[in-house]
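Structural description and commentary
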Amino acid sequence: MKKLLLSLPVFLVSLFATATPDEGMWIPILIEKYNIKLMQEKGFKLSAEDIYSVNKACMKDAVVIFGGGCTGELISPDGLLITNHHCGYGTIQRLSSIENDYLANGFWAMSREEEIPAPGLSVTILKWMEDVTDRMMKGITGGMDAQERQKILDANSEDIRRKALEGTGYTARISPFYMGNQYFMLVYETFSDVRFVGAPPSSIGKFGGETDNWVWPRHTGDFSLWRVYAGTENKPARYASTNVPYKPLYHFPISLKGVQEGDFTMVFGYPGSTSQYVPSFHIDMVKNHINPKMIAIRTKKIEIMEAAMNTDPLIRLQYSAKKSGVANAWKKWIGENQGLDRMRTIEKKQAYEKRLTDWINSDPARKTRYGHLLPEYEKLYSQLKDYSLVNSFTSDAFFSSGAEAVGFARNMMSFANLFESEADEARIEAVKGELIAAAARFFKNYNYETDKELFVAVMELYGGQLEEKWQAPGYLKIKNAWKGDFQALADKIYPVSVFTDEARFTAFVNGFGKRSLKALKKDPIYNLASSTSEFISENVRGELIRIQSEIQKLNPLYMTLQMEFDSNRLFYPDANSTLRVAYGEVKGYYSKDAVYFRHYSTLKGIIEKDNPEIFDYDVPDKLKELYRTKNYGRYTQNGEVPVCFIATNHTTGGNSGSPVINAEGHLIGVNFDRAWEGVASDMAFNPEQSRNISLDIRYALFIIDKFAGAGYLLDEMTLVE
Ligand code: ASP
């Protein structure tokens, strides 16, 4: 094993001259070694040290993890940060009320005092990263079983991180790269006092809504502004009114020069996850087994939420973040399946595996070493596909924006156990308090009628889409008792359930006693929650994890095999939520035969889409006025206000909010999406059609300055004319 690991960089060194430049998400500390030459050939004017360095301030000091799953970038010496509107969406919704609806109306702090604290939101900055492969592999041998191996890896990881972090106040994560052939430690500093500075109304920030999501041409002003605050000595501190704006080591200068087709672009951010090197069985599982069913359940959920949102502004506010969450992956899966079909990815992988197999079989030593891989994968994936589907589908039906009351009822499970175990009074009272607080959060975004409809729909789908052996016994019992009539069941239980009304729930918890426990155990909503939850943890998750770890055990060797076989190729590691560099060029594409998409969109296109009848295309009057009077300021290209542009950078989920940088290292855009025809790029990048979509930074500046009248914010930025 160790020998293989050490041989890996040797492949890389010998290959970098022959790489295809636009595909790939590269490791910042290896840019110098493998990529910088190509990047410079493509037009980049700076050095690898300007991107990543531990010795001097550089771009990496201005790229952040924003919240849980997005990227953001610092754009002023006073901690001002820009990311996508959709990345701040959940937080903006939480900070909103029907009186102060920042999603509908936008928000602009007109002074630092007006910036709104956003508890729970954090910003994380990479301090350094290092290769810890040798230390991680200490004690690992080839013959180990998956569990034992994982135990050693965990212990090594713990030890390495502890030693590295001593006295720093930082946190660290060690992540596997190249399917577990290499390990890097990433050390971070996390700031938890982050304040909301501004965002356009959703009619700009989410313009085009779900209809335009994942689609080019696009006209979404997908940005929001935040500020990072620090305590004494510029260090992270919990929120305090005395905290001061964080002084970053570096912030991005902003270019007003614009983009031309063919210009160099680089995206520097945190791509979440890709599967470039998996066997065909994996793609078959995702495309043919999981995606279709997940698409079906989400189609139904979206239909119900959307119809309800169209009837009432309060429901719109309550369900907009939930619906966006459901719809985002849903639409991507649809595009992904179409792309995989069009590219014939499964067939191509199968043909590749055939060539691999022939190559393995042509040499006895290779056969001994690699011969078992593909047959074992085949067996494991044939087991994995059901467990994986059942796990995801059940969660979608019951626990994540599915039957909401059922998802909420799950919170009572540990309380019931606690009560039964006769825990002391103080503990019980504390948990009661937590439950009541959770209820307040839950019911703030709850609509009874909408949930009732969701309940009926997902209960029917769960029974209809999964084979009976994968349905929880509690569900089957209820289904049989009600002869499958979930509407009748909902009509009976929803009006009286403690899980559909905050006052009933609070009274129930406050007066909880032995009788309540009995009632709880008879409650159908609670039974659905506890039965499915127990079924998943007892009958599904264990096996799922076991099969996944068996697959993980094969992966490093499979990666090595592919590198050895394809020794003319420069390999980049799959995305794993670590900081990466993607580079390419601004470029249009043919979406279909004879249909060419230009590389940028403008304000004119927003006006063309304007339709006050359709929520997603209702252009604000102020923006129309700016267009009519051509009040564009300096934010123009060829007399028009640019809005978005596309390029060939290889990106994925998590890259949202990433800085898009030009050849001089200046910010030209904020990445937010990919174009429909190329979204299968998580499994197969298509240079002809895979395009990342970015907000043109000049549109953000135009909105801040001309639309919002918050031009003072530009004073702290470094603008390059
Ligand atoms: N829209 C994605 C995100 O939210 C970006 C992408 O998948 O291209 O991270």
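Everything that follows concerns the structure shown earlier in this document.
We now turn to the structure provided with this report. As the structure is a prediction and not an experimental result, all values here were calculated from the model.

About the thresholds
Residues numbered from 1 in each chain as written. Predicted model: local features only at pLDDT ≥ 70, side-chain atom pairs only at ≥ 80, totals over all residues. Heavy atoms only, no water. Near = heavy atom within 4 Å. Polar contact = N/O pair within 3.5 Å; in protein donor to acceptor, adjacent residues only side chain to side chain. Areas by Shrake-Rupley, 256 points an atom, 1.4 Å probe, with all protein chains shown as cover. Helix = DSSP H or I, 4+ residues; strand = E, 2+ residues; numbered from the N terminus. Contact = heavy atoms within 4.5 Å. Salt bridge = Lys/Arg side-chain N within 4 Å of Asp/Glu carboxyl O. Buried < 20%, exposed > 50% of the residue type's maximum accessible area, 1.4 Å probe, protein only. Core = buried A, V, L, I, M, F, W, Y, C linked by side-chain atoms within 4.5 Å. Pairing = 2+ DSSP bridges. Axes fitted to C-alpha atoms, helices over the stretch in contact; angles between N-to-C directions. Parallel < 35°, antiparallel > 145°, perpendicular 65-115°, else oblique. Left-handed = near helix turned anticlockwise from the far one by under 90°. Nonpolar A, V, L, I, M, F, W, Y, C, P; charged D, E, K, R; others polar. Disulfide = S-S within 2.5 Å.

**Some details on the site of the ligand**
In the vicinity of the ligand, the contacting residues are His-86, Trp-214, Thr-652, Gly-653, Gly-654, Asn-655, Ser-656, Phe-672, Asp-673 and Arg-674. The contact in question runs from an oxygen atom of the ligand to an N or O atom on the side chain of Ser-656, over 2.6 Å. Note that a nitrogen atom of the ligand is positioned 3.1 Å from one of the backbone N or O atoms of Phe-672. Contact with the protein chains removes 93% of the 270 Å² of surface that the ligand exposes when unbound. No other element matches the 3 residues that strand β20 (residues 667-674) contributes to the shell around the ligand.

**Description of the side chain of His-282**
Within the secondary structure, His-282 sits in helix α11 (residues 280-309). A polar atom in the side chain of His-282 sits 3.0 Å from the side chain of Tyr-381. Aside from chain neighbours lying at most four places away, what touches His-282 is Ser-275 and Tyr-381.

**Remarks on the pattern of salt bridges**
A complete count under the given rule lists 42 salt bridges for this structure. Here Glu-306 and Lys-323 are joined by a salt bridge, their closest N and O atoms 2.8 Å apart. Note that Glu-306 is positioned in helix α11 and Lys-323 in helix α12 (residues 313-343), a separation of 17 residues in sequence. Measuring nitrogen to oxygen at the nearest pair gives 3.0 Å for the salt bridge that ties Lys-624 to Asp-610. Taken as a pair, Lys-624 in helix α26 (residues 621-628) and Asp-610 in the loop between α25 (603-609) and α26 lie far apart in primary sequence, 14 residues in all. For Lys-624, a relative accessible area of 25% puts it in the partly exposed group. Each of Asp-78, Arg-112, Glu-115, Arg-227, Lys-247 and Glu-716 takes part in a single network of salt bridges with overlapping partners.

**As for the environment of Glu-543**
Following the sequence through the fold, Glu-543 ends up in helix α24 (residues 524-565). Residue classification places Glu-543 among the partly exposed residues on the basis of a relative accessible area of 27%. C-alpha of Glu-543 to C-alpha of Tyr-387: the two residues are 156 residues apart in sequence and 7.4 Å apart in space.

**Topic: the nonpolar core**
Generally speaking, nonpolar side chains in soluble globular proteins are found buried as a group. Ranked by internal contacts, the top residues of the largest apolar core, which has 213 residues, are Met-266, Met-412, Phe-455, Phe-499 and Leu-623. In terms of residues, this core owes the most to one element, α24, which gives 16 residues. Ignoring anything within four residues of it in the chain, the contact list for Phe-455 reads Ala-403, Val-406, Phe-486, Leu-489, Ala-490, Ile-493, Tyr-494 and Leu-528. Counting residues in hydrophobic clusters, the runner-up holds 14 residues, among them Ile-140, Ala-172, Ile-174 and Val-187.

**Re the pairing of strand β10 (residues 224-230)**
Most of β10 is tucked away, with 7 of its 7 residues classed as buried. Of the two faces of β10, the one holding Ser-224, Trp-226, Val-228 and Ala-230 and the one holding Leu-225, Arg-227 and Tyr-229 are both buried throughout. By the bridge criterion, 4 bridges tie strand β3 (residues 80-83) to β10 in an arrangement that is antiparallel. Within β10, the position partnered with Thr-83 by the bridge is Ser-224.

**Quick notes on the packing of helix α15 (residues 373-399) against helix α19 (residues 448-465)**
The angle between the axes and the distance between the axes are what describe a pair of packed helices. Close contact between α15 and α19 brings their axes to 9 Å; oriented N to C, the two are set at 160°. When the axes of α15 and α19 are compared, the pair comes out roughly antiparallel. α19 is crossed by α15, and the crossing has left-handed handedness. Mapping the contact onto sequence places Phe-393, Thr-394, Ala-397 and Phe-398 in α15 and Val-458, Met-459, Leu-461, Tyr-462 and Gln-465 in α19. In the contact of α15 with α19, the residues fall into 7 nonpolar, 2 polar and no charged.

**With respect to the state of the cysteines**
Overall, the coordinates contain 1 disulfide when judged by the stated rule. The partner cysteine of Cys-70 in its disulfide is Cys-87, sulfur to sulfur 2.1 Å. Between Cys-70 and Cys-87 the disulfide shows an S-S torsion of about -75°. By sign, it is left-handed. Of this pair, Cys-70 sits in strand β2 (residues 70-74) while Cys-87 sits in helix α5 (residues 85-95), and the two are 17 residues apart along the sequence. Classification of Cys-70 by relative accessible area gives buried; the value is 10%. With a relative accessible area of 14%, Cys-87 lands in the buried category. Cys-644 takes part in no disulfide bond, and the closest cysteine sulfur, belonging to Cys-87, lies 14 Å away.

**Quick word on the environment of Ser-400**
With respect to the element layout, Ser-400 can be found in the loop between α15 and α16 (404-409). Exposure remark for Ser-400: the relative accessible area of 30% places this residue in the partly exposed category. Counting along the chain gives 28 residues from Ser-400 to His-372, while the straight-line C-alpha distance between them is 39 Å. With sequence-adjacent residues up to four places away left out, Ser-400 is seen in contact with Lys-301 and Ser-395.

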